[in-house]
Every structure is written in structure tokens, then in C-alpha cells.
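This is what each chain is made of:
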Amino acid sequence: DYFTAKPSAERGGAFSQTFGSDGLRRTFLRLELGQVGGLTGYVSGSVIDGDLWRGPGTIEREHYEGKLRYEFAGGADLVFQTVHNNYFDYDSPSITKAQYAGTAGDIFGRRGRNFSYLGVVPTPTPFGTTATLASLPAVQDGPTYSNANYNQYYKFAVNHRMDHLYGLTLNVPIGENIKLGGTAYYEEKGGYGVSPEAYATSLTNHRAELGIVPGLVAPRGIQYGLSGIDGTRQGVTTHGEWIVGANRLEAGVWVEKDDYHRTQARYNVQDGNPDGAPLFNEPVHLQRNYVSTRDTVEFFLKDTISLLDDALKIELGFKSLDIDYNISGKRLPSDYINLRSPSISTNWTDNFLPQVGAVWSIGRDQVFTSYSENMALPRGADDIFSAASPAVPAPQAETAKNLELGYRANRRTFNASVVVYKTTFENRLQSFAQIVPGSTQTETFFANVGGVEAHGVEFSGQWKPEALGGKIYFNGNLSYNKSEFQDNFATFLIAGNAVPDFPEYVFQGGVTFEPVEGAVINLSARRITDRFTNFVNNEKTDGYTIWNAYVDLGDGFSAGPLKSIKARVTIDNLTDEDYLGTITTTTNTPATFRPGSHRTVQVTFSTAF
């Protein structure tokens, strides 16, 4: 799904400008064609520039959209839309708790949430000289920049992505009770990433490929690892609806072909210096050059039955899903070394995935329930099939069964809902060392190792008390989630353990104050409790609370051709909470984290015309 706004029938547009912490600048412009006969349309674009909040480097993003809609007599319409993205940024490292606490003995003295890559290349010293914060020795018998710590230079951590998406949608009503529609789409994608590789690793792979891969050059030091991606994605979705009596029958088909090409090689840089220009005429060893293809066909059929004067609505349906997968080419250095370019194919199919739901309206309130079964392409399919020998069997598709029951209350001054749920995941994937079929060798690759069961309850609501004159209102969401492994795998006894990176309690809530017309003040908080970080549950990270606030001024103010002039001041992490956020989970070792950002401030001016 990709949703964009419907073109306006009025000619005009909108403009906004944002300035913020860490050099943030965002400019947005939207121009509306207005209605010309049956035609409406718009073009829009935004440009974002800023500095990384943690360490050296920048973020640059350009996003452009366009949409044309033609409405025919009789209600049919034809919509063309296009989206273009161009994104470039420098990366920042994930860190362990020891690096965060400063107990890891980092040679550069880094610690805390500002732990980052280096903005300058350390000064090299002869082998055996004691390293300081400004110097590094070379590896014995290695080139000047062979010390593995040179991989901490920020120019070796780069991401760049581009994508171009085009879609054409036709919706046709046939009489009052039948609607048909479909969308054809095409996407081009490309980009590259840069990461370092240690001299010792490059030297080993270089020697293994020497004499097999032509044109290789010995490593000069830390390697410039270049990963390239490109590909296309194209597909068609169709949808039909037929209202007959108390039934609304819906059916549809989705067909997609996704081709993805990945290359990866290690190159020298000028003089071996991490700040030197990459020498693409000096490949040290080749890593990957493969194409993966996903062919997907999905069909769904659904009947929505309205009973008791529409007080009771029941949905009965199912979907079928068929996924063909193939990966062909060089997936890792051993394919080059063994002179092989395997083509590995597999298929995942489930022809009956039921989807059932009901909503019963009782006055203003509702009781609702649903049950669904889902299947998905295994996460990281390319990583799974590129990490192991061709003899490794394909993993089964990951599946889930979801059940929920809820109650929703709608009153004049408040609305609220409470939901209890249970989700069962099967065929969970995990990477670990095991015997390759038909041999005595072990390799580390992804395989199905068991299930996960999650259950919980969630409450959400909004309250606008009359006693406060409607100027102050509150909103909140509180969830409790218990997610546990159901099976052990390999030698790890994890059945009954909590799934890492799943807090038991999450609270989000806020208060909004409208003191006078044209002014809005909001204060909100998000609380996450402790989380385990690995499967064996011997490490966890503390919970944290983040406060955010914004003030809107204007909203309705006009001057000449400019309408809806307003300003917003946003403060994120109001109390400057220092915390560890996103977790890269592990099996039985310390995890790595992305630290949360410091307090940031943004000011946005916007208007319509």
C-alpha cells in the first residue's frame, strides 16, 4: 500500500519550512492544479538536510510526488501517481552496554550515548609503539593502515538509496451495486552502501581467490567495502465488490514480480589511507554478485454480512498465498573460490488462510472480535540463502495465528477501547551453527527452530471533560504484552524465556490545552519498561520515559494570498533522557544498541495559498 492525498478541486498549494537541532533544514512545497474539466492533480516535493546528532556526517533526503486524477461521467476515475526518493547519509555505530558505560577499554576513549565513528584518521605509528588516542600501530608485517581500529573512520559507513515508483489505478462502478478496480505499478530501485573490512580478513579472502578471480590486487590496509543494489518490482492488484441483499462480496488478486540484484566487493583506497579515494581499479577480493527473484500470487475472497438492521456485521473470508523464490549467482566468497554459481529455488504456499471478524453495535458502543491466519516470506530471505551452502534445505515460511476480542465505548466527552489478544508464531527463524546435510561440516545459517506465543491487553482512550470547558483533553494508550519462546533450539534451553526487545508494559499518553483560539499546547510521554536483550535472558536494559511537547500558533490566520499561516515549535526528549533504544538482539552474547537522541528542537512555519 502507498497512500497519498487526493488532488484538490481548488488551485493553490502549501509551503512549510523547518529549522531544528543538528543543522536540520526541511523545505516542503505542494502545488495543486485545481479542477480542469474532469482533471485534477498536484506535484509536491520535500528536501531535508542535517547533521548526524551522534558523530560526524550528514543526512540528505529528497522526496517528490505527483498525481493526476481524471473523473469520468458516471463516477469512474483513472489515477496516475509517481513517487521518487533519493536518500544519502552517513551511519553511526551500534554499541554494547560496556561501550556505553565506558568499561570496554575503547582505544579512543569513547563512551556514552555520543559514542560515534571517528571524524579524523588516527596518526599511524611504527609497529610496537604504544597507541594513544591520536595514533595507531600497524599490524606486524602489515601495511601502515592495517590496524583493525582504522575501521572506525566515518567515511567507511555510508548509505545511499534511490527509488522511483509509478502507479496507474482504474476504478469503475457498474450500476449501484458493483464496483471494479485495479492498479498496475512499477518500481525501480538502486543504491549502495559502504562498510570497512579488516586487513586480516581481506588478506585471507584475497589469497583464497588469487589465481581464480582475475585482476585482484593485494590489500593496502583497511578495505573499502562497496555493496551495490539495483532491481525492479512490478505488479498488478485487482479488486471487485458486489452488494447483494445483506451481503457485500469482495474478491481480488495480487500478482507481483520482484527482482533484486546485489553486488559486493572490497577495494583498496589511495595509499591505504582510510581518507583516500577508493581505487575501483584495485579489487582485493569479490564477495557477492547475485540476483534474487520473488514471484507472488495472492487471492482473497470476503463476505461482509449485515444483520439486525446493520447492528451486527460479520466478515468471513480467506486468502491464498503462493511465493516462488530463486537466488542465482555468487552469494559469498566461497562461491568464487569453489567456481560455482548456484541457482537455488523454493516455494511457499498456503491455499487457505482464514480471516474472520465481527462487530456488534450496542447503542454507541461496540463489541468486536477477529481471528486470522497469515504466512510470510521468511525474514531476510537473501541473507538466509546466501549464508549457507546450496545443500542446506530451505526454511519453512513463518506463520502466525491471531485472535482478539475487544470493547469500544463512544460517549459525548470520551471514547475508549480495551482489547485482549493472543498471537502464535510458528517456524521462527534463528541463525546458528549446525551440520550441513550430506556432510560432517558445520555452517552457521538460518533455520526454523520453534515458535513464539504472545498475549496481552491494550487500553486506549480520549477524554475531554466538560468541567474544563473543552479546552483541555487527555489521550492515552497502555499495553501489556507477554511474549515467550515455546521451544528450545540447539543447546540453548530457552523455552519459556521472554522474547528479547519486547517490553511487558508500554504507555503513551498526553494532554492538550487550547487556551485561546489559534493556540494549542501539547505535552506527551512514552514509557517503556525493562527489556531482555538476548534469547537466554541473561542481559537486559533499563526502561525509560521520553517526554515530548509542541506549541501551535496561528491556525486560521491569513494575510493577503496566504492562508492558514501557523508556526509550530516541537521539543523531543524534553528532559534530555539518556537511554539505550533499538536493540540488535543476540542468542547468548551481549547485544548492541542504538542510543536514543538528546533533546532536539524544531521550528516549522507553514502556510497555504
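For the structure, check the block above.
Cut-offs and rules
- Residues numbered from 1 in each chain as written.
- Predicted model: local features only at pLDDT ≥ 70, side-chain atom pairs only at ≥ 80, totals over all residues.
- Heavy atoms only, no water.
- 1 Å grid on protein atoms, 1.4 Å probe; cavity = no way out; pocket = protein on both sides within 12 Å on 5 of 7 lines; lining within 4 Å.
- Points joined across faces, edges and corners; volume = space filled by probe spheres on them.
- Helix = DSSP H or I, 4+ residues; strand = E, 2+ residues; numbered from the N terminus.
- Nonpolar A, V, L, I, M, F, W, Y, C, P; charged D, E, K, R; others polar.
- Buried < 20%, exposed > 50% of the residue type's maximum accessible area, 1.4 Å probe, protein only.
- Phe/Tyr/Trp six-rings, centres within 6.5 Å; stacked < 30°, edge-to-face > 60°.
- Lys NZ or Arg CZ within 6 Å of the ring centre and 35° of its normal.
- Core = buried A, V, L, I, M, F, W, Y, C linked by side-chain atoms within 4.5 Å.
- Contact = heavy atoms within 4.5 Å.
- Salt bridge = Lys/Arg side-chain N within 4 Å of Asp/Glu carboxyl O.
- Pairing = 2+ DSSP bridges.

To continue, consider the layout of surface pockets. Vacant regions in the atomic arrangement are exposed by a probe of water-molecule size rolled over the atoms. Of the voids in this model, the largest pocket is the one considered here, and its volume is about 1200 Å³. Taken together, 38 residues make up the lining of the largest pocket; nearest its centre are D1, Y2, T169, T183 and T237. At the level of secondary structure, the elements contributing two or more residues to the lining of the largest pocket comprise β4 (58–71), β5 (77–90), β8 (158–174), β9 (178–197), β10 (223–244), β11 (247–269) and β12 (278–307). With 8 residues, the top contributor of residues to the lining of the largest pocket is β8. Split by residue class, the lining of the largest pocket holds 14 nonpolar, 14 polar and 10 charged.

It is worth spelling out the environment of Y117 at this point. In this structure, Y117 sits in the loop between α1 (97–101) and β6 (123–125). Taking the relative accessible area as the measure of exposure, Y117 reaches 19% and is therefore buried. Between the C-alpha atoms of Y117 and G55, which are 62 residues apart in sequence, the distance is 6.2 Å.

This structure, assessed with the given rule, holds 19 aromatic pairs. With a centroid separation of 6.4 Å and an interplanar angle of 65°, the aromatic rings of W348 and F385 are classed as edge-to-face. Placement of the pair is W348 in strand β14 (residues 343–362) and F385 in helix α4 (residues 381–386), with a sequence separation of 37 residues. Comparing W348 with F385 shows no difference in burial state: the two are buried. Put simply, the rings of F88, Y90, Y153 and Y154 touch in pairs and so form one group of aromatic residues. For K540, the ring lying beneath its charged end belongs to F532, and the centroid distance is 4.7 Å.

Moving on, we come to the nonpolar core. Ranked by internal contacts, the top residues of the largest apolar core, which has 18 residues, are Y90, Y150, Y154, F156, V158 and Y224. With residues near it in sequence (within four places) discarded, Y150 still touches V121, P122, T123, P124, L136, T144, Y145, I222 and P274. Residues I229, Y325, I327 and A381 belong to the second largest nonpolar core, which totals 15 residues.

Before going further, it helps to examine the pattern of salt bridges. Scanning the entire structure with this criterion turns up 26 salt bridges. With a shortest N-O distance of 3.0 Å, R69 and D77 are connected by a salt bridge. Judged by relative accessible area, R69 falls into the buried class, the value being 13%. One salt bridge connects R340 with D335, and the closest N-O pair in it is separated by 2.4 Å. Classification of D335 by relative accessible area gives buried; the value is 0%. Each member of the salt-bridge network shares a partner with another, and the members are E241, R248, E250, K302 and E315.

This part takes up the pairing of strand β3 (residues 39–51). Of the pairings in the sheet, the one linking strand β2 (residues 24–32) to β3 comprises 8 bridges and is antiparallel in character. When the bridges of β3 are listed, F28 appears paired with S46. Connecting β2 to the next strand, β3, in antiparallel fashion are 6 residues, including G34 with a positive phi near 80°. Where β3 folds back onto β4 in an antiparallel hairpin, the turn is made up of 6 residues, including G55, whose phi is positive at roughly 90°.

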